[in-house]
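Structure assessment
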Amino acid sequence: ELTALGPPPPSSRAGAWPGGAAAMAGYGASYGNPYNQSTGDDLYEGFGSNTEPFRGGNITGGGAAPLPMPSMAPMAGQPMGPLRVPQSRGGPPPGTRAGAPMSHMGGPLGTAGGGGAGATEEARPMTAVRAAGYTAAGKRPGSAAVFDPAGIGASRGPAPPLQKRADNSPEDLCREMEKEVNGLIEESAQLNLDSRYGEALEKAKEAGKRERKLCQKRDEAGLSDQVNIDLTYSVFFNLANQYHANGLYVEALKTYSMIVKNKQYHQSGRLRVNMGNIYFEQKKYPNAIKMYRMALDQIPNTGKEIRSKIIRNIGVAFVRLGQFQDAIASFEQIMEGYPDVQTGFNLFLCYYALGEAEKMRKVFARLLSVRLPGMGDVEDEEEMVVGMEDVLKEDGLKEALRKKHKESSKYISVAAKLLAPLIEGDVAAGYDWVITQLRTANHASLANEMEIAKSLHFMRARQFDRAVEALKSYEKKDHQLVARAATNLSFIYFHEADYNSAIKYADVAMRHNRYNAKALVNKGNCLFMKHEFESARAMYQESMGADADCIEAIYNLGLVNKRMALGREAFSLFEKLHAIIPSSIEVVWQIADLQESFGSPKVAIKWFNILSSRVPTDPGVLSRLGNIYLKEEDESQAYHYHLESYRHYPVNMNVISWLGAYSVKYEMYEKAVQYFERASQIQPSEVKWKLMVASCHRRSGDYQIAFDIYQQIHKDFPDNVECAACGACTHLPPSLRVCGAVQSHCLPALPRPAHMISPCCLAQASAILCTSRMTSGRRIRCMSMWSSFARPSEPRSNNRPLTLLARSRRAQ
């Protein structure tokens, strides 16, 4: 190429070419020299052969090193002109054909500005380089010619300015709509992940609408061949998933059916697993099993993990149907091919339900042989846990493995606790066997947990001596185990009311772990029972400092503040606890009780109603609501809640007495009799309830029944004055109208002289007498006569019925 080759410099002496034509030919032969060496002819002879010689250094022979070539590349932004050969300033012109120097192309060189045949001859351009786009144009300084080898620049002129983008084509519109649909699907999935199921469903429906518009748009534009089947599949699958999450099972099944019946989706048969899950949630277990098996047929044998999960679902469905043998067959199939801890635990539970202890033992051994998730090549469980802690704290994979390991350990622990009491004749021997197996399988932490479970079993069985013995045997073992054992010992002694021993073992647990929140709570409870409220309050506060979410410490601290008349502090603690465990009825009770003590009955009613909605059959809550409404002078609501409380718990004496008094007040004597009879059955030694029963019969006009009851009362309680007076007055014949007759019949029947009769008894007798058919004048005389026995200084008898004054007013 021209830019790679340059002309050789001329000799210092004019006309002297040491190497001659042969040397030049040898230099350019490897580049396709047009000089014919065999004939000595120059193919370019006659084209400007009379050129001046080059100036420069000497040219060596054929073995000389290559000469440096001048650069012929054009400058940036400037067109390349034709090759120019510099003219010599002195010396004779080069020789003729026989002795003329050759150009680097093998022929004599011409010049652009003269020096060819003569100085006045017109410059002849080099036509050999025209094909590459080099011309004589622009060779002068200041020329602005543009490199245009095709010669099209003159006709087109300068490039036009950039045009604005035209309106979107149908393909572009469809692509934009497709992006919108994908964005809606992603938003819906994210909302589902954030448990915002309603909004996720709305986004999924919107994505479905947009996708249908997209298909319609493509049909109108004749782009049916560009329909995205995967997008349609994603829209329907997401919509079905959102229906399932929102509990719309019918719509979800319908959507899944549309997917699985479409032959274009080759892998859609796996979605029958989701349909089976929906049937399982609907408790349609046969349909669920059918769907699981149809999905299993779509899974190749190479997908062992997914096949084992589907078979496990089938086994669980059989368990729900009570077909344990079929469930065992499913679980055994998994344990033989692709075993896992959860399937082994399910198999263990099936044998537990059938009561086959020996098979439970074998399955437990197989369960221990399954390698836990994340164990890898680590042989010890503690080393694996330490390894997880040493690596990145925020590693998502390690966190998932830790969660799986914790879940698997829970399954093994539950299986061990179920197995230990059954496999041996003695419970202790069973626990010892399980502990040995766990230690052999390198489950040290689970073995320690079973040590504690052994003592807890004795505690639940009320075998406190054996529980204490088992817990004390751990004192010389691992310090964590000692701390847990001491905490349980403190708990046992607290329930046995041995507070000193409970405090002692709580201190032992705190020595091994100062921030043991449970031990601090146990010690605080002991101090609370010893009425050392300040010390107990300090213990509870320290426990909350060790564990901010220790609900026992928060609740007990609230009780201590309530006992110390720190109501506002107690209320704030119970509110905090309600935010942590909103379903706790004890916390709601404390909040409602504090609100009533603050003088806020309406707020207290609100909280008691919340409590009543959670425990609608609690008679204490209902009676408390009745008392609050009674203070608010709303007797109808008070009667309603007291009646509901009596319906659920008909032995509360306070509720019974209030209902009886309410019935007498509104002259509902038949109902009052029922309440007072129930009270007399509960407290048979209390005479006032029988007197009230007789009084209700008398007031309702059943004099004979009332007299019989009074006679029975007088027989059981002969010293009761009210019974004698009321019985004598009740025995009066209805035909008597004269007050003297009342004296002759009533006063002799009394067990003591008339001047010693209680004024309330005389008043009651007078009231009873006035219920007979007398004229108004005679009634007044009778009241005056009986009232003359009364002494104002004498206190009223405690056995006087509550309804006496009301009846006396009616008599007047």
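Residues numbered from 1 in each chain as written. Predicted model: local features only at pLDDT ≥ 70, side-chain atom pairs only at ≥ 80, totals over all residues. Heavy atoms only, no water.

1. A short note on the packing of helix α26 (residues 619–631) against helix α27 (residues 635–648)
Rule in force here: Structural elements are reduced to axes, namely lines fitted to C-alpha atoms, with helices fitted over the stretch in contact, and the angle between N-to-C directions of any two is expressed from 0 to 180 degrees. Every helix listed is a DSSP run of H or I at least four residues long, and every strand listed is a run of E at least two residues long, numbered separately from the N terminus. Convention used here: angles under 35 degrees read as roughly parallel, angles over 145 as roughly antiparallel, angles from 65 to 115 as roughly perpendicular, and any remaining angle as oblique. By convention, the crossing between two helices is left-handed when the near helix turns anticlockwise from the far helix through less than a right angle, and right-handed when the turn is clockwise. Any two residues whose heavy atoms approach within 4.5 Å at even a single point are treated as in contact.
Close contact between α26 and α27 brings their axes to 8 Å; oriented N to C, the two are set at 165 degrees. Between α26 and α27, the interaxial angle falls into the category roughly antiparallel. With respect to the hand of their crossing, α26 and α27 are arranged in left-handed fashion. Mapping the contact onto sequence places P619, L622, S623, L625, G626, N627, Y629 and L630 in α26 and E635, Q637, A638, Y641, H642, E644, S645 and H648 in α27.

2. Quick word on a nonpolar patch on the surface
Where we set the bar: Each patch is built from residues that are more than 30% exposed by relative accessible area and take part in no salt bridge. Like charges join if they lie within 9 Å; nonpolar side chains (Val, Leu, Ile, Met, Phe, Trp, Tyr) join within 5 Å. Here the accessible surface of atoms and residues is derived via Shrake-Rupley with a 1.4 Å probe, and residues count as covered only by protein chains that are part of the display. Within this document, salt bridges are pairs made up of a side-chain nitrogen of Lys or Arg and a carboxyl oxygen of Asp or Glu, the two lying within 4 Å of each other.
Taken together, the side chains of L349, Y352 and L422 define a hydrophobic patch exposed on the protein surface, amounting to about 250 Å² of accessible area. Tracing the backbone shows L422 in helix α14 (residues 396–423).

3. Some thoughts on a positive patch on the surface
Applied cut-off: The charge count treats Lys and Arg as positive and Asp and Glu as negative. His and the chain ends do not count. In plain terms, the charge of a residue is placed at NZ if it is Lys, CZ if Arg, CG if Asp and CD if Glu.
A cluster of like positive charges, contributed by K205, K209, R212 and K213, occupies part of the molecular surface. Looking at the element boundaries, K205 is found in helix α4 (residues 197–220).

4. Concerning the side chain of R361
For R361, the location among the structural elements is in helix α12 (residues 357–369). Not counting chain neighbours up to four residues away, the residues in contact with R361 comprise L419, I423, E424 and W433.

5. Side note on the packing of aromatic side chains
Put simply, the rule reads: Two rings from Phe, Tyr or Trp (for Trp, the six-membered ring) form a pair when their centres sit within 6.5 Å of each other. Planes less than 30 degrees apart are called stacked, planes more than 60 degrees apart edge-to-face, and all others tilted. Partly exposed residues are those whose accessible area sits between 20% and 50% of the maximum for their type, while under 20% is buried and over 50% is exposed, using a 1.4 Å probe and protein chains only. Geometrically, a charge over a ring is one whose NZ (Lys) or CZ (Arg) sits within 6 Å of the ring centre while staying within 35 degrees of the ring normal.
For the structure shown, the criterion picks out 18 aromatic pairs. Pairing Y493 with Y505 gives two aromatic rings, centres 5.6 Å apart and planes at 15 degrees, and the pair type is stacked. Of this pair, Y493 sits in helix α18 (residues 479–495) while Y505 sits in helix α19 (residues 499–512), and the two are 12 residues apart along the sequence. Given a relative accessible area of 12%, Y493 falls into the buried group. When its relative accessible area of 8% is taken as the criterion, Y505 is described as buried. Seen in terms of ring centroids, W658 and Y662 are 5.2 Å apart; in terms of plane orientation they differ by 15 degrees. Their pairing is stacked. With W658 and Y662 both in helix α28 (residues 653–665), this residue pair falls 4 residues apart, about one helical turn. For Y662, a relative accessible area of 15% translates into the label buried. The cationic tip of R361 hangs over the ring face of W433; the distance from NZ or CZ to the ring centre is 4.8 Å. It is R568 that lies over the ring of F598; its NZ or CZ is 3.9 Å from the centre.

6. Topic: the pattern of salt bridges
One pass over the full model with this rule turns up 23 salt bridges. A salt bridge links K417 to E449; the nearest nitrogen and oxygen atoms lie 3.5 Å apart. In this pair, K417 sits in helix α14 while E449 sits in helix α16 (residues 444–460), placing the two residues 32 residues apart along the sequence. With relative accessibility at 24%, the residue E449 sits in the partly exposed group. In this structure, E596 and K631 form a salt bridge, with 3.5 Å as the shortest nitrogen-oxygen distance. Of the two residues, E596 is situated in helix α24 (residues 585–597) and K631 in helix α26; the sequence distance between them amounts to 35 residues. Of the residues examined, K631 reaches a relative accessible area of 63% and is grouped as exposed.

7. Quick look at the packing of α16 against helix α17 (residues 464–472)
Stated precisely, the cut-off is as follows: Note on residue classes: Ala, Val, Leu, Ile, Met, Phe, Trp, Tyr, Cys and Pro are nonpolar, Asp, Glu, Lys and Arg are charged, and everything else, Gly too, is polar.
Running from N to C, α16 and α17 cross one another at 165 degrees; their axes reach a closest spacing of 7 Å. Of the possible angle classes, the one that applies to α16 and α17 is roughly antiparallel. Relative to α17, α16 is oriented so that their crossing is left-handed. Residues I452, S455, F458 and M459 of α16 form the contact with α17, whose participating residues are F464, R466, A467, A470 and L471. Counted by class, the contact of α16 with α17 contains 7 nonpolar, 1 polar and 1 charged residues.

8. Regarding the nonpolar core
Rules: Nonpolar cores were defined as sets of buried Ala, Val, Leu, Ile, Met, Phe, Trp, Tyr and Cys residues, with membership established by side-chain atoms within 4.5 Å.
Core analysis: the largest hydrophobic core is formed by 86 residues, its most contacted members being Y540, F574, F608, L659, F676 and C696. In contact with C696, other than residues within four places in its own chain, are V664, Y669, A672, V673 and F676. Core analysis: the next-biggest nonpolar cluster, separate from the first, contains 64 residues, A252, I289, F331 and Y351 among them.

9. Description of unusual backbone geometry
Unusually for a residue other than glycine, A497 sits at a positive phi of about 65 degrees. Mapped onto the fold, A497 is located in the loop between α18 and α19. Residue A497 is classed as partly exposed on the basis of its relative accessible area of 47%. One non-glycine residue with positive phi stands out, namely E633, at about 60 degrees. Position of E633 relative to the elements: it lies in the loop between α26 and α27.

10. Let's talk about the environment of I435
Mapped onto the secondary structure, I435 falls in helix α15 (residues 427–440). Separated by 19 residues in sequence, I435 and A416 place their C-alpha atoms 8.5 Å apart. Among all residues touching I435, those that are not within four sequence positions of it are A447, M450 and E451.

11. Describing the side chain of H244
Mapped onto the fold, H244 is located in helix α5 (residues 229–245). The class for H244 is buried, based on a relative accessible area of 16%. The contact partners of H244, leaving out residues within four places of it in the chain, are Y249, A252, N277, I278 and E281.

12. Some thoughts on the confidence of the model for the chain
Atom-level detail of predicted coordinates should not be read off regions where pLDDT is low. Quick reminder of the rule: A residue's pLDDT is the confidence the predictor assigns to it, expressed on a 0 to 100 scale.
Overall, the predicted model of the chain reaches an average pLDDT of 74, with 65% of residues at or above 70. The lowest-confidence element of the chain is helix α1 (residues 20–28), averaging 36 in pLDDT; the highest-confidence one is helix α7 (residues 272–281), averaging 94. Considering only residues more than four positions removed or in separate chains, one finds that residues 768–775, a stretch of pLDDT under 50, has 18 contacts. Overall, residues 778–812 carries pLDDT values under 50, and its contacts beyond four positions in sequence, including any with other chains, amount to 60 contacts.

13. As for the environment of L354
Tracing the backbone shows L354 in helix α11 (residues 341–354). A residue is classified by how much of its surface remains accessible, and L354, at 34% relative accessible area, is partly exposed. Placed 29 residues apart in sequence, L354 and Q325 show a C-alpha to C-alpha distance of 9.3 Å. Discounting chain neighbours no more than four positions away, the residues touching L354 are F324, Q325 and I328.

14. Let's talk about α7
Of all the 10 residues making up α7, 7 are buried; the element is thus mostly covered by neighbouring parts of the structure. Of all the positions in α7, only R272, V273, M275, G276, I278, Y279 and F280 are classed as buried. In the stretch just after α7, K283 is the one whose phi turns positive, near 65 degrees.

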